[in-house]
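Chains, contacts and geometry: an overview
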Amino acid sequence: MAERYSSFDSGGRMWLLQRITAVFLLVVLAFHFFLLHFVHHADEVSFLASAGRMESLSYYSLMVLFLVTATFHGVNGVYNALLNQGLSGTKRTVIKWTLVAASVVLIAQGIRTANAWAGIGLY
Amino acid sequence: MSQSYNRGLIEDFSRWREFEAGMWAWIFHKFTGWVLIGYLFTHIAVLSTGIPAAGASEAAISAGNDVYTQTIVSLEGLLLVRILEVGLLAVAVFHMLNGTRLLLVDLGIGLEAQDKSFYASLILTGAITVASVPTFIAGAF
C-alpha cells in the first residue's frame, strides 16, 4: 500500500459547502452561459447592455452570489487538490492564506466591476 | 462511514494504462477545475475594464467607444478567442456533468453504473460542444 492517503475530509463542513455551492453553480453557470452566449451573443457585448442587466437588483444579487460561490468552490477545489497531492506543514498554511487573500481580491474586484455597471458609487 | 482511497499522484502518467473510468473521471474533473478557476481570475480581470469605462462620457458609452466595449469587441474579433471559448464551454460542460455524477455518487445513486455515467458525460459534453460551435463562432468572420 502507498503511504499517501487523501486528506479530503468527507462529511466535514467544507465538504458540504463544496457540494452545496456545486448545486447552485450547476444552475447559475448554465444560466450565465445561456444568457450571454445564446440569448445575447458574444460580439454584441457593450457597456450599455452589461449596465442595463446589472441595474436590476435581482440580476446584481445573483451575479454577486455567483462570484462568491464560484470563488469558494474553485479555490476550495484547488486547496483540496493540493492537499491530495500531499501539501502539509508550513507550506500548507502559507498556501491556504495566499488562496484566501486571492479570493478576497477576486471578490472585491468583481463587486467593484458590478458596482460600476450598476451605477453604485462604491467602485 | 466515509473512506479515503489512495488514488496516487496525478503526475504518475506512467500508470495511465492501469486507469479505469473512475480514475479518468477524477483526472478530467481536476484538470477542468484548474482551467475554470484560472479562467475565473482572467474573466474578472477583463471585465474590470468596466471600472474605467464607467467614467467615460455618455456619448462615448452610447457610441461604444468606452474601454470595456472596445476591449470585449476586439477580443471577440479574434478567431483564437472564439476557439478558446468553445474549449471553455467543453471544459465547463464536462465539469458540470461529471460534477452532477459525483453528487449522485455521493448520495449513493448509480454506484454500479459509475463507468457508464462517465462515458455518458463525455459523449454529452462532445454533443453539446459541437452543437454550440455555430453560436460561438457567429460573427467571427
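The name given to chain B in an unreviewed UniProt entry is Succinate dehydrogenase / fumarate reductase cytochrome b subunit, with the source organism recorded as Halorubrum trapanicum.

By the naming in an unreviewed UniProt entry, chain A is Succinate dehydrogenase / fumarate reductase membrane anchor subunit, taken from Halorubrum trapanicum. If you open the UniProt record of chain A and go to Subcellular location (unreviewed entry), you find "Membrane".

1. What about helix α6 (residues 114-137) of chain B?
Owing to its 3.6 residues per turn, the α-helix aligns residues three or four sequence positions apart on the same side. All names here are of chain B. With 24 residues, α6 should cover 34 Å at 1.5 Å per step; its first-to-last C-alpha distance of 34 Å lies within 8% of that length. At A131, α6 shows its largest bend, some 35 degrees, and a proline, P134, comes one to four positions later. Within α6, burial applies to S117, F118, S121, T125 and F136. Among the residues trailing α6, G139 stands out with phi positive, at a value near 85 degrees.

2. Some remarks on the UniProt feature "transmembrane region" (unreviewed entry) in chain A
All names here are of chain A. The feature "transmembrane region" (unreviewed entry), as given by UniProt, occupies residues 20-39, 59-82 and 94-111 in the numbering adopted here. Helix makes up 100% of residues 20-39 and strand 0%, whereas the separation of the span's terminal C-alpha atoms amounts to 27 Å. For the annotated span residues 59-82, helix accounts for 100% and strand for 0% of the residues, and the straight-line distance between the end C-alpha atoms is 34 Å.

3. Quick look at the nonpolar core
Within the largest apolar cluster, 15 residues are counted, with the highest numbers of intra-cluster contacts made by M54, A114, W117 and A118 of chain A together with A53 and Y68 of chain B. Listed by contribution, the elements that provide at least two residues to this core are α2 (47-54), α3 (57-84) and α4 (89-118) of chain A together with α4 (67-76) of chain B. At five residues, α4 of chain A tops the list of elements feeding residues into this core. Those residues in contact with A114 of chain A that lie beyond four places of it in its chain are M54, Y60, M63 and V64 of chain A. Counting residues in each nonpolar core, the second largest holds eight residues, with L36, I37, A92 and M96 of chain B among its members.

4. A closer look at the environment of A30 of chain A
By the element assignment, A30 of chain A lies in helix α1 (residues 13-39). Separated by 29 residues in the primary sequence, A30 of chain A and Y59 of chain A have C-alpha atoms spaced 15 Å apart.

The rules behind each value
- Residues numbered from 1 in each chain as written.
- Chains lettered and ligands numbered in written order.
- Predicted model: local features only at pLDDT ≥ 70, side-chain atom pairs only at ≥ 80, totals over all residues.
- UniProt positions renumbered as here; feature names shortened; annotations may be inferred.
- Helix = DSSP H or I, 4+ residues; strand = E, 2+ residues; numbered from the N terminus.
- Expected span 1.5 Å × (residues − 1).
- Bend = angle between axes of the 7 residues up to and from the residue.
- Buried ≥ 20, exposed ≤ 12 C-beta atoms within 10 Å, placed from the backbone.
- Core = buried A, V, L, I, M, F, W, Y, C linked by C-beta atoms within 7 Å.
- Contact = placed C-beta atoms within 7 Å.

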